[in-house]
Structures are given as structure tokens and as C-alpha cells.
Amino acid sequence: MNGETKRPKNKRKSDFLLLFGCFYVTLHAVSAKSLLSQYLINNTIITMERTWRWFGKKDKITLAMLRQIGVEGIVTALHDVPLGEVWTREKIRDLREYIESYGMRWSVVESLPVVETIKYGGPDRDHQIEVYKESLRNLSAEGIHCICYNFMPVLDWARTDLLHQNPNGSTNLYFNYAEFAYFDIYILKREGARKEWQQFEFPAGVGQGRNVLAECDELAKTMTPEKEHKLVENIIIKTQGFVSGNFSENDEAPIQKFRDFLDLYKGIDKKQLRENMKYFLEAIMPTCEEYDMNMCVHPDDPPIEILGLPRIVRTEEDIEWFLNAVPNKHNGLTFCAGSLSAGAYNNVVEMARKFAPRTHFVHLRSCHIFPNGDFTEASHLGGRADLIELCRIFEQEGQQRAAASQLSILDAQLPMRVDHGMTFTDQPGGIMDESSHGHNAGYTLLGRMFALGQVQGILATVDRELGISYKQPGFFD
């Protein structure tokens with residue numbers, strides 16, 4: 001296209017604005033075996049880029065705030081562009097320049113939505129793929145090259161409780177299988193749902209002997225209209241409206257709308273959805289090659305088959321399949337440790353080691369699975385994900401990329417965000433009361449800031465292990 005620019009070599013210095021320190025990390029450093037010079041490109045130290053998901057100019061969490069807490073790059077999208085429309089270069093440029101005016105860069109697009117017709121293979125699939133490719137070209141022209149997306153049918157991520165209380169008084173996102181079964185059987189009234197939940201089995205090691213259907217029927221005896229409304233809000237509205245665009249708080253009949261979306265996938269099984277994903281990726285890869293665009297799919301969240309829909313990015317075998325199906329370096333993974341750790345069958349650390357070379361973006365959070373199979377989002381220093389070891393793996397991956405070739409800084413540096421955070425509680429109006437802050441579910445300021453501090457401490461320790469001398473900018477020393 002006329003007027004398009006090639007991707008510039010990154011010349012930025014290492015003085016990222018990084019002010020927020022570690023809250024609770026004490027680790028043993030080990031002797032470094034690698035020379036610092038191996039980890040430099042143009043005298044710039046390569047470490048994971050500290051990014052933050054920001055929801056645009058209307059977000060109550062401002063860029064001025066983020067600049068002060070150690071955020072280097074922004075993860076965002078054009079949330080005002082309707083699904084299925086081209087992201088124009090003008091709109092992209094306006095947001096990019098706004099972000100850069102605060103001393104940060106637009107590091108990752110999350111998300112450039114893949115509309116449902118591409119996923120189920122509708123009659124206008126090819127047209128929508130062309131729309132997608134045009135948006136990719138426009139993003140590249142503005143210097144944005146990393147795209148996080150998902151291939152989850154209808155439902156993006158699912159939780160049944162958005163404010164489940166932790167022992168310390170804070171709250172976290174939570175998934176209760178019996179409550180989700182109630183939504184499926186009694187509220188959605190999906191055909192075949194009761195039979196599927198009757199046959200449902202947990203993976204080995206959790207939920208053994210649990211009868212989810214019986215719990216669901218028992219729950220029905222005490223369910224109230226208010227509780228049903230809350231469940232619908234949690235599953236459809238508050239977790240979907242700001243990520244997928246399929247639903248909004250203004251929908252008058254969200255349940256029927258949800259049923260209509262499910263109907264689009266009748267006859268679509270796992271094999272067919274895989275083929276549809278392959279079709280999409282093969283169609284856009286020439287554009288990705290020409291314009292240097294890294295596509296990184298987000299794993300299914302939670303990593304289970306739900307609502308009769310196939311889920312195709314939930315296990316090690318699934319990830320291996322789509323990477324091999326389209327063996328192009330631009331076809332990669334968003335390694336979301338939180339989503340993967342919600343599956344008891346996933347060895348998150350081993351998966352990180354295996355897929356690090358094809359990872360373009362990292363989400364650092366962790367889940368705890370209870371003995372009955374339900375799960376909650378855990379502390380960033382706890383849960384199943386082992387974020388300490390993941391930081392080690394992905395920091396080493398960045399160093400290997402830097403040492404192995406003449407990559408630009410942006411190619412060698414992996415963007416990372418801490419993803420969700422807890423919600424702090426306090427007396428109404430108290431300094432830590434986040435209940436009235438108007439944040440999107442899971443995306444609080446204080447909770448994520450706390451998590452970022454924890455991860456910063458982990459990274460500081462890992463970098464010392466690797467022999468990297470890293471000074472936090474923004475201080476006199």
C-alpha cells in the first residue's frame with residue numbers, strides 16, 4: 001500500500017520507566033554461566049517487556065498511572081470499532097500516538113477479534129478474512145506487529161463468581177462446575193446438556209467421586225431469580241462484553257442471543273473447528289510474512305469443553321497440532337499460564353519449555369485447583385503455574401533469541417503482562433475499596449499492581465541468576 005512504512009529497527013534505550021518494586025519475593029541466586037555481552041543488542045539489555053492491558057481512553061486506569069508503576073508497553077485494542085470492520089490506519093495511529101505521548105509504546109494488540117463466521121466457516125468467511133488482513137496491514141504500517149487472538153467459539157473466558165472471597169479478605173475470579181452446569185441446564189436449557197453433565201468426568205487427581213449433575217439439581221432447590229441474574233451477568237455479560245463484542249450490558253435478551261450463537265455451531269466438531277482454524281491461518285500467513293505480523297493464539301479458558309462446543313487450544317497436544325498444521329514462525333502462541341494451569345492435565349512448566357520458541361506473548365498468572373475440581377485464580381507466587389520457573393524459562397528464551405541471530409530488540413524481547421489480579425476490599429470508600437472503581441472483571445488497578453510487583457521481584461532475581469545487571473529507571477540510583 002502507498003505510504004506504508006517498513007518495520008523500523010528499534011533504537012530505544014534501556015531506560016524504561018520502571019518504578020514499582022517487589023512486594024514479597026526472596027529467592028536464592030545462583031552463579032551465572034553466561035556473559036552479559038551475549039544478552040545485548042545494540043548495548044540494550046533484553047528482558048521481558050512489562051506490559052499492561054489497558055482498555056482505551058475511557059479506561060479509568062490512566063496511562064499516567066501506568067507510567068509510574070513500571071509499565072513499559074501497552075496491550076490494547078480499538079474497542080470502539082464494531083466486529084467485522086477494518087481497523088483503519090487513522091484510528092490506529094491516533095491511539096498509538098496517544099500511548100507514545102506518555103512514554104510507552106503499543107506493544108500488543110489484544111485482541112483483533114476473529115469473528116464467529118471465520119470460526120464456524122460461514123458464507124462470508126472469505127470476506128471477513130480479507131477484512132482481517134487489511135487490519136493487519138494497517139497495524140504493521142503503524143509499527144504494531146504482535147496480535148493476540150482466540151479461536152474459542154461463542155464464549156471467550158468463563159467464570160461463575162467474579163468476587164469469590166480469599167482467606168485474606170480480598171476476592172478473586174472463581175469457577176464452580178455445579179453452578180456452570182446449572183446455567184447450562186436450567187437457564188440456557190441447552191438441548192442435550194443434562195446428558196452431557198451426567199457423563200462428565202474430571203481428569204485424574206481432582207473431583208474424583210463428585211457428581212456435578214446431582215449438585216446442580218440440589219442447587220436448583222435454593223436458586224432465586226436474583227442469583228440466576230447474577231450468574232447470567234457473570235458468565236455472559238461482565239466477562240464477555242469487553243472482550244468479544246458479542247454481548248453488552250444493553251442486551252435485552254442475552255440468553256436468547258447466546259442460544260442463537262450456539263446454533264451457529266451445530267454440526268461443528270473438534271476436527272472441523274481445527275480445519276477452520278487452519279484455513280484462517282493459512283489464508284493470513286502470506287500477509288503476516290510480508291508485513292512481519294506475529295499471530296499468537298490465546299489458550300481456551302477454562303481449558304475444558306463446555307456448552308457442547310469444541311475447544312481446540314487447551315492441551316499440549318492441541319498446541320502442538322496447530323503449530324505443526326501451519327509451521328510458520330508467525331503462527332505462534334500466547335502462553336497464558338493462568339488458562340493452562342486451570343487444567344489439571346497440563347504440566348505448565350514443561351509446556352513452557354517446549355513451546356517457548358513459538359511463544360510471542362506471555363500472560364503470567366496462576367490458578368489453584370481445589371480437590372473437588374473447582375478452580376480459582378491464585379497468588380502470582382502460588383498456584384499450579386510456578387511463575388518463578390516460567391520467568392526463568394522465558395527470560396532465557398529472550399537471551400537465546402538475542403544471542404542466536406541479528407534480531408531487532410523487539411523480535412528478541414517477549415512482551416509479558418500479569419493478566420488478572422485480585423480485587424482488594426475495604427470499608428465503602430476506603431483507600432483499598434475497589435468495588436466502585438468501575439474496572440472490568442479481573443482487571444483491577446491495585447490487584448494487578450500488586451501482581452506486577454511480585455513478578456518484578458521474580459524477574460530481578462532471575463536476571464541476577466543470568467548475570468544481567470538491570471537498573472530500574474526512575475530513581476536517582
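If you're wondering where the values come from, they're calculated on a predicted model, not measured in any experiment.

With that settled, the discussion passes to the overall build of the chain. When helices and strands are counted, the chain shows 16 helices and 14 strands. Buried residues in the chain amount to 57% of all 477 residues. Per element, the accessible surface of the chain, about 20,600 Å² overall, is 50% carbon and sulfur.

It is worth spelling out unusual backbone geometry at this point. Here the bond from Glu-110 into Ser-111 is cis, since omega is 0°, no more than 30 degrees from zero. For the peptide bond that leads from Asp-301 to Pro-302, omega is -5°, which places it in the cis range. If you trace the backbone, Pro-302 turns up in the loop between strand E9 (294–297) and helix H11 (316–325). Positive phi, close to 65°, is recorded for Val-154, a residue that is not glycine. Position of Val-154 among the secondary structure elements: in the loop between strand E6 (146–149) and strand E7 (161–165). Val-154 gets classed as buried once you look at its relative accessible area, which sits at 1%.

We now examine the sheet that holds strand E8 (residues 171–175). The sheet built from 4 strands is open, its strands ordered E7-E8-E13-E12 with antiparallel pairing. On the outer flanks of this sheet lie E7 and strand E12 (367–369), each paired with one strand and no other. In this sheet, neighbouring strand axes are inclined to one another by 40° on average, regardless of whether the strands run parallel or antiparallel. Pairing between E8 and strand E13 (residues 375–377): 2 bridges, direction antiparallel.

Further remarks concern the pairing of E9. The two faces of E9 match: Asn-294 and Cys-296 on one face and Met-295 and Val-297 on the other face are all buried. Where E6 meets E9, 4 bridges bridge the pair, whose relative direction is parallel. Each bridged residue has a counterpart across the sheet, and for Tyr-149 the counterpart in E9 is Val-297. Inspection of the sheet shows E9 paired to strand E10 (residues 331–336) by 3 bridges, in the parallel sense. Bridge pairing links Met-295 to Asn-331 in E10. Between the parallel elements E9 and E10, the chain passes through H11 in a crossover that is right-handed.

Looking at the element boundaries, Arg-125 is found in helix H4 (residues 125–141). Buried Arg-125, no salt bridge; nearest opposite-charge side chain is Asp-126, N-O distance 4.4 Å. For Arg-125, the side chain forms a polar contact with the side chain of Asn-276, separated by 3.4 Å. Among all residues touching Arg-125, those that are not within four sequence positions of it are Thr-117, Ile-118, Asn-276 and Tyr-279.

Any two side chains of opposite charge can pair, given that their charged atoms come close. According to the stated counting rule, one finds 35 salt bridges in the structure shown. Note that Lys-354 is salt-bridged to Glu-320, the shortest N-O span being 3.1 Å. Pair noted here: Lys-354 is in helix H13 (residues 348–355) and Glu-320 is in helix H11, with a separation of 34 residues, a long-range link. The partner of Glu-397 in a salt bridge is Arg-401, with the nearest N and O atoms 2.7 Å apart. Taken together, the residues Glu-397 and Arg-401, both in helix H14 (residues 387–404) and 4 residues apart, mark about one turn of the helix. Take Glu-397 and Arg-401: they sit in the same class, and that class is buried.

Below, the discussion takes up the nonpolar core. Among soluble globular proteins, nonpolar side chains are generally buried collectively. Phe-280 and Leu-390 are the most contacted members of the largest nonpolar core, which totals 119 residues. With 8 residues, helix H10 (residues 270–291) is the single largest residue contributor to this core. Within the second largest apolar cluster, 6 residues are counted, among which are Val-108, Cys-148, Cys-296 and Phe-361.

Now for the packing of H11 against H13. At a closest axis distance of 11 Å, the pairing of H11 and H13 adopts a crossing angle of 15°. Judged on the interaxial angle alone, H13 and H11 are roughly parallel. With respect to the hand of their crossing, H11 and H13 are arranged in right-handed fashion. Mapping the contact onto sequence places Glu-316, Ile-319, Glu-320 and Leu-323 in H11 and Met-351, Lys-354 and Phe-355 in H13.

Strands sit in the order E3-E4-E5-E6-E9-E10-E11-E14 around a closed barrel of 8 strands; the barrel is parallel. Sheet twist, expressed as the mean angle between neighbouring strand axes with direction ignored, is 30°. Two strands pair when backbone bridges link them, and strand E11 (residues 359–363) and strand E14 (residues 415–417) are joined in this way by 2 bridges, in the parallel orientation. When the bridges of E14 are listed, Val-362 appears paired with Met-416.

Parameters at a glance
- Residues take numbers from 1 onward in each chain, read along the sequence in its written order.
- It should be noted that, the model being predicted, local features are given only for residues of pLDDT at least 70 and side-chain atom pairs only at 80 or more, the latter also being counted only at that level, while totals for whole chains, interfaces and linings use all residues.
- Side-chain calculation: all heavy atoms of the structure are included, whereas hydrogens and water are not.
- Strands here mean DSSP runs of E at least two residues long; helices mean DSSP runs of H or I at least four residues long; both are numbered from the N terminus.
- The cut-offs for exposure are 20% and 50% of the maximum accessible area for each residue type, with area from a 1.4 Å probe on protein chains only; residues under the lower value are buried, those over the upper are exposed, and the others partly exposed.
- Values of accessible area rely on a 1.4 Å probe in the Shrake-Rupley scheme; residue burial ignores everything except the protein chains shown.
- Two strands qualify as a pair provided that DSSP identifies no fewer than 2 bridges between them.
- Interaxial angle, 0 to 180 degrees, is taken between N-to-C directions of lines fitted to C-alpha atoms, where a helix line uses only the stretch in contact.
- Convention used here: a crossover is right-handed provided that the path from the first strand, over the helix, to the second strand proceeds clockwise when the strands point away from the viewer.
- Here the positive residues are Lys and Arg and the negative ones are Asp and Glu; neither His nor the chain ends is included.
- By salt bridge we mean one thing: a side-chain nitrogen of Lys or Arg within 4 Å of a carboxyl oxygen of Asp or Glu.
- Nitrogen and oxygen atoms within 3.5 Å of one another constitute a polar contact, given that in protein one can donate a hydrogen and the other can accept it, and given that sequence-neighbouring residues count only through two side-chain atoms.
- Every residue pair with non-hydrogen atoms within 4.5 Å of one another is taken to be in contact.
- Side-chain atoms within 4.5 Å link the members of a nonpolar core, which is a set of buried Ala, Val, Leu, Ile, Met, Phe, Trp, Tyr and Cys residues.
- Orientation labels follow simple angle bins: below 35 degrees gives roughly parallel, above 145 gives roughly antiparallel, 65 to 115 gives roughly perpendicular, and whatever is left gives oblique.
- When the near helix sits turned anticlockwise from the far one by under a right angle, the crossing is termed left-handed; a clockwise turn instead gives a right-handed crossing.

Keep in mind that these numbers describe shape and distance, not what the molecule does.
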